[in-house]
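Structural overview for review
The chain contents come next:
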Amino acid sequence: MNDAQKPALLAVQGVTKAYPGVVANSDVSFSIREGEVHALLGENGAGKSTLVKMIYGLVQPDAGAMELRGVPYAPADPRAARAAGVGMVFQHFSLFEALNVAENVALGMENPPKLRALAQAIRDVSTEYGLPLDPGRMVGDLSAGERQRVEIIRCLLQSPKLLIMDEPTSVLTPQEVEILFKTLRQLAAEGTAILYISHKLEEIRSLCDEATILRRGKVVDTCTPREKTARELAEMMVGAVLTPPARSGGAKGAVALQVAGLSVDSPIPFGTSLKDISFAVRRGEVLGIAGVAGNGQDELLLALSGEVRTARDAVQIDGVGIGDQGPNERRRAGLVAAPEERLGHAAAPDMTLVENALLSGAVRQGLVRRGFIDWAAAKGFAQTIVRDFDVRTPSTGVAARALSGGNLQKFVIGRELSQSPGVIVINQPTWGVDASAAAAIRQAILDRAAAGAAVVCISQDLDELLEIADNFAALNEGRLSAQRPVQGLSIEEIGLMMGGAHGMEVAHHGP
Amino acid sequence: MVRLEKRPSPSRFWTMATPVVAVALTMIAGGIMFALLGKNPVEAIRTIFWDPLFNEQFASYSRPQLLVKAGPLILIAVGLSLGFRAGIWNIGAEGQYIIGAICGAAVGLAFYPVEAWYVFPLMVIAGGLGGWAWAMIPAILRTRFATNEILVSLLLVYVAQAILASMALGALRNPEGGGFPGSRNLSQYPAAANPELIAGTGMHWGVVAAFIAVIAAYVLLHRHMLGFSIRLAGQAPRAARFAGVNPDRLVLLCMGLSGGLAGLAGLFEVAGPAGQISIDFGSGYGFTAIIVAFLGRLNPVGILLAGLLMALTYIGGELAQFMLGLPSAAIQAFQGMLLFFLLAVDLFSNYRLRFGKREAV
């Protein structure tokens, strides 16, 4: 049967949703047929999440209508959406780490069967769709990819007609992405429609049949992704022509940051301990550290920033051991760090931008004299960051939580990069930031490297690392792979460095 | 339908208006309670809030009492507020207050009857150290063994009360007191006394210390890096660690500071208004100061005003018991309402009410 003749499964017509101060969706229309993999493409804040939340019953539209299989569809809550055959896998998992897989799946079901029967059902579905998963394992012990399988299987057990996937590959290795895509293609072949949200363009090109592109809450275009290049898709998404960051192939200097035999027990429950990590970064060099979330990235940042202390010589700056020093001593030695989590870690949500500028800038910017705070200087520093990094904010007096995620990210990255550092450690520099801001942040990092800073960039975005890093290594279960020059590295090699597909190889788990 | 919506930034208006609205609501609810008890609510409210200050018959006695009662409340509450801001919950100020009084009084009594200028200053130091040391017990237990400082500091209050009773009956008992419990009267021993500094005002050294503490805490919180660390640790503990704040050091510092100030309050009380170590010396200032700290929104200036207001309800409450025959439980319930309404209205500084349907369906 020709695709175009299949009946529309879900039709969205003229849907509008406004929040105070922002129109998230304005007159959005699109439709999905049975068995179609449909991409929703757009930058952060384009309105993708609001749109799928309406389809999943989490949010009600202000205007417009939806039809499911020709019948008006207005789910009052996610339960109604699930009953109508709509399932959703969220970007952030809602799983209990202290429970096992079957128990977690049961918690998400309306009428869960007996656990033993459920465990069998999980095994059946997981073999049918090639998603290996042991129902008896504790979720706390699973990798991010395996946790996602729990969420997917939870949806599949309810045999949905429409499956919504919100940024599913952000936590997966390339091999795991392949497994996921195989599953999704099988589901589509069986007639399940899949609404796929992502800003990873190559994935959308290889997986999706149709794409609806959103910008500032409006549908700006539709296309067949296979017929477009990634660059064309990106420009449709951003609405502007993008320039990749410029790299200077300057000479590298002496080793600025040396990590030798770093082993740290994770301070985070269910965290990953670091095991014998060693690397060196020279002045002017960017070391990209890849890895699936939860393989020790947070712990590595804590150990480098000084929030977790180690043996003195495990971390050295310019040949001086600082492993036993706290964050401010390390800042004095020239090291700045930007943690992944913006609100609550890199910034205090209820404090103003001036106070947040003081938070990590006090030492290197000289904002404190004999214990007393120079508020005028702190304000000046905050204004410099806002100006240099194009942070959109009414003033520096607003609370950090009032900024959008992307703007706050620009602020916290800008705060660290503005301190003329000798060593920069960043975890997820462009997480949740729109494409043009991400390009600006990457350019700023490269500029600091060109000025002689040694940079460690931890990221789950491989494209980003390939774009800015000179050397590449991957974290896998708290161990760091050997460093490889980025040039000449294939995506398969990277995937293997990241540990391949978790749970796919027998050898991986040992005897 | 009514629902709450989080504000993007805390409302300045509600931050200021909260205490006023809470006091007004307390008057209304309290008035209803007094009416149900068969008293004239208007008269009861007037007796509590107005008569202590302006009634011709009582004001000359009760007006100085305002500072006498407010002084220790403010001094203790300022110390507690620093810890509360950092998320460190010292609930045992009453115990630190008692131990401070015992230590200070013991130093004074040891010098009796020496008349020397240095006796009172030494008592002040001993009082502060006593409170500090008592607060160090929960602080060290927390930093070393991760115990809960709320529980430990609270339980130490009962230990302190037992020590107080034993001191009043034993080591510190007045040898010339005819066997009655209680120490010598320090207010009648000039070198150790904490007298009224300006006649008719109730102002004594403890009140002076409270005002100094208010100013110092204000400067600390708004101008000093330590105050910033305290606020940061309370609002975003992980961000505080990122900023280089050592959480253990902060616990020791905040507990020690609040304990020291509570100990000072105890010393000034025992050497002045109370006069002696007696079994019933602990009068609940340490607990009421918790209410004062929150009523003042953990802000030093707010605590100053809240301390005065709380002292007023104490004095007025006593007056109402005496004049109108209101049961003391009703007065305590009235004070409880104040905290209740304060915390309830406080919600509006971070949330706003939305009327109407949740979403258009």
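No experiment lies behind these values; they were computed from the predicted model shown. (Residues numbered from 1 in each chain as written. Chains lettered and ligands numbered in written order. Predicted model: local features only at pLDDT ≥ 70, side-chain atom pairs only at ≥ 80, totals over all residues. Heavy atoms only, no water.)

1. Focus: the overall build of chain B
A tally of helices and strands in chain B yields 14 helices and 2 strands. Relative to the compact-globule value of 21 Å for 361 residues, chain B shows a C-alpha radius of gyration of 22 Å, a close match. Over its C-alpha atoms, taken along the principal directions, chain B stretches across nearly 80 × 55 × 35 Å. Looking at the 361 residues of chain B, the share that counts as buried comes to 52%. For chain B, the share of sequence-separated contacts (at least 6 apart) that also reach a separation of at least 24 residues comes to 76%. One finds the centroid of the 23 positive side-chain charges in chain B at a distance of 16 Å from the centroid of its 15 negative side-chain charges. (Helix = DSSP H or I, 4+ residues; strand = E, 2+ residues; numbered from the N terminus. Rg over C-alpha atoms; globule rule 2.2 N^0.38 Å. Buried < 20%, exposed > 50% of the residue type's maximum accessible area, 1.4 Å probe, protein only. Contact = heavy atoms within 4.5 Å. Lys, Arg positive; Asp, Glu negative; His and termini not counted. Charge placed at Lys NZ, Arg CZ, Asp CG, Glu CD.)

2. Considering a nonpolar patch on the surface
Nonpolar side chains collect at one region of the surface, where Val-114, Trp-117, Tyr-118, Leu-122, Ile-125, Leu-129 and Trp-132 of chain B lie side by side and expose about 730 Å² of accessible area between them. Among the structural elements, Ile-125 of chain B can be located in helix H6 (residues 119-145). (Patch = residues over 30% accessible without salt bridge, like charges linked within 9 Å, V, L, I, M, F, W, Y side chains within 5 Å. Areas by Shrake-Rupley, 256 points an atom, 1.4 Å probe, with all protein chains shown as cover. Salt bridge = Lys/Arg side-chain N within 4 Å of Asp/Glu carboxyl O.)

3. Comments concerning empty space enclosed by the protein
If you roll a probe as big as a water molecule over the atoms, it shows you where there is empty space left. Residue and element names in this part refer to chain A. Considering all chains together, one arrives at 1 cavity of 30 Å³ or more under this definition. The volume enclosed by the largest cavity comes to roughly 60 Å³. Lining the largest cavity, in full, are Leu-131, Gly-145, Gln-148, Arg-149, Ile-152, Leu-172, Glu-176, Ile-179 and Leu-180. If you list the elements that add at least two residues to the lining of the largest cavity, you get helix H5 (144-156) and helix H6 (174-189). (1 Å grid on protein atoms, 1.4 Å probe; cavity = no way out; pocket = protein on both sides within 12 Å on 5 of 7 lines; lining within 4 Å. Points joined across faces, edges and corners; volume = space filled by probe spheres on them.)

4. Section: helix H8 (residues 205-223) of chain B
All names here are of chain B. The end-to-end C-alpha distance of H8 is 26 Å, a good match for the 27 Å that 19 residues give at a rise of 1.5 Å each. For H8, every residue scored as buried is listed here: Gly-206, Val-207, Ala-209, Ala-210, Ala-213, Val-214, Ala-217, Leu-220 and Leu-221. What you see down the axis of H8 is that its buried residues fit within an arc of 150 degrees, all on one side. Counted as exposed and oriented over 90 degrees from the buried face of H8: Ile-212 and Ile-215. (Expected span 1.5 Å × (residues − 1). Arc of directions from axis to C-beta.)

5. Comments concerning the packing of H6 of chain B against helix H7 (residues 149-169) of chain B
Residues and elements named next belong to chain B. Two elements in contact, H6 and H7, have axes separated by 9 Å at closest approach and are oriented at 150 degrees. The angle between H6 and H7 places the two elements in the roughly antiparallel class. The two elements H6 and H7 cross, and the hand of that crossing is right-handed. In contact with Trp-134, Ile-137, Pro-138, Leu-141 and Arg-142 of H6, H7 contributes Glu-149, Val-152, Ser-153, Leu-156, Val-159, Ala-160 and Ile-163. Class assignment for the residues of the contact of H6 with H7 results in 9 nonpolar, 1 polar and 2 charged. (Axes fitted to C-alpha atoms, helices over the stretch in contact; angles between N-to-C directions. Parallel < 35°, antiparallel > 145°, perpendicular 65-115°, else oblique. Left-handed = near helix turned anticlockwise from the far one by under 90°. Nonpolar A, V, L, I, M, F, W, Y, C, P; charged D, E, K, R; others polar.)

6. Concerning the interface of chain A and chain B
One frequently used descriptor of interface size is the decrease in accessible area upon assembly of the parts. Between chain A and chain B, the residue contacts involve 35 residues of the former and 26 residues of the latter. Roughly 2600 Å² is buried in total at the junction of chain A and chain B, and carbon and sulfur atoms are behind 56% of that figure. Our count for the contact surface shared by chain A and chain B stands at 2 salt bridges. In this structure, the salt-bridge partner of Arg-238 of chain B is Glu-341 of chain A, at a minimum N-O distance of 2.6 Å. The interface formed by chain A and chain B includes 10 residue pairs in polar contact (both at pLDDT 80 or more). Looking at the side of chain A that touches chain B, the elements that each hand over two or more residues are helix H10 (327-332), helix H11 (353-361), strand S18 (372-373) and helix H13 (405-417) of chain A. Here the side of chain A that touches chain B gets 4 residues from one element, more than from any other, and that element is H11 of chain A. (Buried area = accessible area lost by both parts, 1.4 Å probe. Polar contact = N/O pair within 3.5 Å; in protein donor to acceptor, adjacent residues only side chain to side chain.)

7. Digging into unusual backbone geometry
Cis geometry marks the peptide bond from Tyr-112 of chain B to Pro-113 of chain B; its omega dihedral reads 0 degrees. When you line up the elements, Pro-113 of chain B lands in the loop between helix H5 (93-111) and H6. Even without glycine at this site, Arg-216 of chain A takes up a positive phi of about 50 degrees. Residue position: Arg-216 of chain A is located in the loop between strand S9 (210-215) and strand S10 (218-223).

8. A look at the layout of surface pockets
All names here are of chain B. When its volume is computed, the second largest pocket comes out at roughly 2000 Å³. If you go around the second largest pocket, you meet 48 residues; those closest to its centre are Pro-10, Thr-15, Arg-85, Arg-297 and Asn-299. When contributions to the lining of the second largest pocket are tallied by element, the ones reaching two or more residues are helix H1 (12-36), helix H4 (59-85), H8, helix H9 (225-235), helix H12 (285-295), helix H13 (300-324) and helix H14 (328-350). Split by residue class, the lining of the second largest pocket holds 24 nonpolar, 14 polar and 10 charged.

9. Observations concerning the sheet that holds strand S3 (residues 37-41) of chain A
All names here are of chain A. Here we have 6 strands laid out as an open sheet, ordered S6-S7-S8-S3-S9-S10, and mixed in their pairing. The outermost strands of the open sheet, each flanked by one partner alone, are strand S6 (86-89) and S10. In this sheet, neighbouring strand axes are inclined to one another by 20 degrees on average, regardless of whether the strands run parallel or antiparallel. Bridge count for strand S7 (residues 162-166) against strand S8 (residues 193-198) is 5 bridges, and the pairing is parallel. Of the residues in S8, the one forming a bridge with Leu-163 is Ile-194. (Pairing = 2+ DSSP bridges.)

10. Looking at helix H8 (residues 230-238) of chain A
Residues and elements named next belong to chain A. For H8, the full list of buried residues reads Ala-230, Leu-233, Ala-234, Met-236, Met-237 and Val-238. The inward-facing, buried residues of H8 contact S3, helix H7 (201-207), S9, S10 and helix H14 (435-450). Looking at the residues trailing H8, positive phi occurs at Gly-239, about 75 degrees.

11. Some words on the packing of aromatic side chains
All chains considered together, the criterion is met by 17 aromatic pairs over all chains. Centroid distance Trp-89 of chain B to Phe-294 of chain B: 6.3 Å. Interplanar angle 10 degrees. Geometry classified as stacked. One end of the pair, Trp-89 of chain B, is in the loop between H4 and H5; the other, Phe-294 of chain B, is in helix H12, with 205 residues separating them in the sequence. Judged by its relative accessible area of 24%, Phe-294 of chain B falls in the partly exposed class. For the pair Phe-340 of chain B and Phe-341 of chain B, a centre-to-centre distance of 5.4 Å together with 75 degrees between the ring planes defines the contact as edge-to-face. Under the relative-accessibility criterion, Phe-340 of chain B is labelled exposed at 57%. Through successive ring pairs, a cluster of aromatic residues spans Phe-13, Trp-14 and Phe-348 of chain B. Taking NZ or CZ as reference, Arg-331 of chain A lies 4.9 Å from the ring centre of Phe-242 of chain B, over its face. (Phe/Tyr/Trp six-rings, centres within 6.5 Å; stacked < 30°, edge-to-face > 60°. Lys NZ or Arg CZ within 6 Å of the ring centre and 35° of its normal.)

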